[in-house]
Amino acid sequence: MKLVLKLVVVLATVATAVIAAALAAIRWQIEPALTWVRKLNRVLTNRGALRAAGTGSSGTAVVVHIGRRSGRTFRTPVHLDRVGDSFVIALAYGANADWVRNVLANGGAVVQLGGRSYLTTNPAVLPSDQVIAQLPPRQQRAITMFGVPKCLRLDIVGD
């Protein structure tokens, strides 16, 4: 029993350290650490999130994008907000994330949200300061708390 308790304590300590490192990487935009967080997120979190993301029962959207080098189709779960005729996504992992670079290179993507698909175009990486006032209070707080410097704006084609 003591061994199990020690193992639980060690695992909890490791998990806490990993989360703290991830939050620090996001807050201070430390690129090598952000790359590590992106990979960890891709392996651990995204797979589970994609099960419901984009459906009517989820507040999480899916950005469907084409790889700029591979030509493969990828699906990335994101939290976004609609601002007028655009979607705005806070880039907590920075503008160098592969999915962001793919969307920029292809001039847009398909966004699945609430069981609907939206074609988007004119992707632009903007300073968070330019869009924060238009976002809901919960998103404003998150961007401010984590110091997210940039957001991605995607214009919706039609509706």
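For the structure itself, consult the block above.
Residues numbered from 1 in each chain as written. Predicted model: local features only at pLDDT ≥ 70, side-chain atom pairs only at ≥ 80, totals over all residues. Heavy atoms only, no water.

**Topic: the environment of Gly54**
Logical step 1: Note on placement: Gly54 falls in the loop between α2 (31-49) and β1 (61-66).
Logical step 2: Distance in space between the C-alpha atoms of Gly54 and Gly71 is 22 Å, their sequence separation being 17 residues. (Helix = DSSP H or I, 4+ residues; strand = E, 2+ residues; numbered from the N terminus.)

**A closer look at the nonpolar core**
Logical step 1: In terms of nonpolar packing, the biggest core is built from 17 residues, with Val63, Ile89 and Trp99 touching the most fellow members.
Logical step 2: Residue assignment for this core shows that the elements contributing at least two residues are β1, β4 (86-90), α3 (98-106) and β7 (150-156).
Logical step 3: Among residues more than four places away in sequence, those in contact with Val63 are Phe74, Arg75, Thr76, Val78, Ile89, Trp99, Val103, Ala109, Val110 and Val111.
Logical step 4: Val83, Val88, Ala124 and Leu135 belong to the second-largest nonpolar core, a separate cluster that totals 10 residues. (Core = buried A, V, L, I, M, F, W, Y, C linked by side-chain atoms within 4.5 Å. Buried < 20%, exposed > 50% of the residue type's maximum accessible area, 1.4 Å probe, protein only. Contact = heavy atoms within 4.5 Å.)

**Quick notes on the environment of Val83**
Logical step 1: Structurally, Val83 is set in strand β3 (residues 81-83).
Logical step 2: As for Val83 and Val37, which are separated by 46 residues in sequence, their C-alpha atoms are 28 Å apart.
Logical step 3: Apart from residues lying up to four places away in sequence, Val83 is in contact with Val88, Gln134 and Leu135.

**Looking at the sheet that holds β3**
Logical step 1: Strand order in this open sheet of 7 strands is β2-β1-β5-β6-β7-β4-β3, and the pairing throughout is antiparallel. The open sheet is flanked by β2 (73-78) and β3, the only strands paired with a single partner. Between one strand axis and the next, the sheet turns by 35° as a mean value, whatever way the strands run.
Logical step 2: Taken together, the 6 bridges between strand β6 (residues 116-127) and β7 define a ladder with antiparallel strand orientation. If you follow Ala124 over to β7, its bridge partner there is Arg153.
Logical step 3: Seen against the sheet, α3 touches β1, β2, β4, β6 and β7 and runs at an angle of roughly 60° to β1. (Pairing = 2+ DSSP bridges. Axes fitted to C-alpha atoms, helices over the stretch in contact; angles between N-to-C directions.)

**A few points about the packing of aromatic side chains**
Logical step 1: This model, assessed by the stated rule, comprises 1 aromatic pair.
Logical step 2: Centre to centre, the rings of Phe87 and Tyr118 are 5.3 Å apart; their planes meet at 80°, and the pair counts as edge-to-face. Here Phe87 is found in strand β4, whereas its partner Tyr118 is found in strand β6, with 31 residues between them in sequence. Take Phe87 and Tyr118: they sit in the same class, and that class is buried. (Phe/Tyr/Trp six-rings, centres within 6.5 Å; stacked < 30°, edge-to-face > 60°.)

**Some points on the side chain of Gln139**
Logical step 1: Mapped onto the elements, Gln139 comes out in helix α5 (residues 137-146).
Logical step 2: Not counting chain neighbours up to four residues away, the residues in contact with Gln139 comprise Asp81 and Ala90.

**Observations regarding the pairing of strand β5 (residues 110-113)**
Logical step 1: As judged from the 3 bridges shared by β1 and β5, these two strands associate in the antiparallel manner. Bridging across to β5, Val64 finds its partner in Val110.
Logical step 2: Judged from the 4 bridges that link them, β5 and β6 form a sheet pairing that is antiparallel. Looking across to β6, one finds that Gln112 is bridged to Ser117.

By themselves, these figures tell us nothing about what the structure is for.
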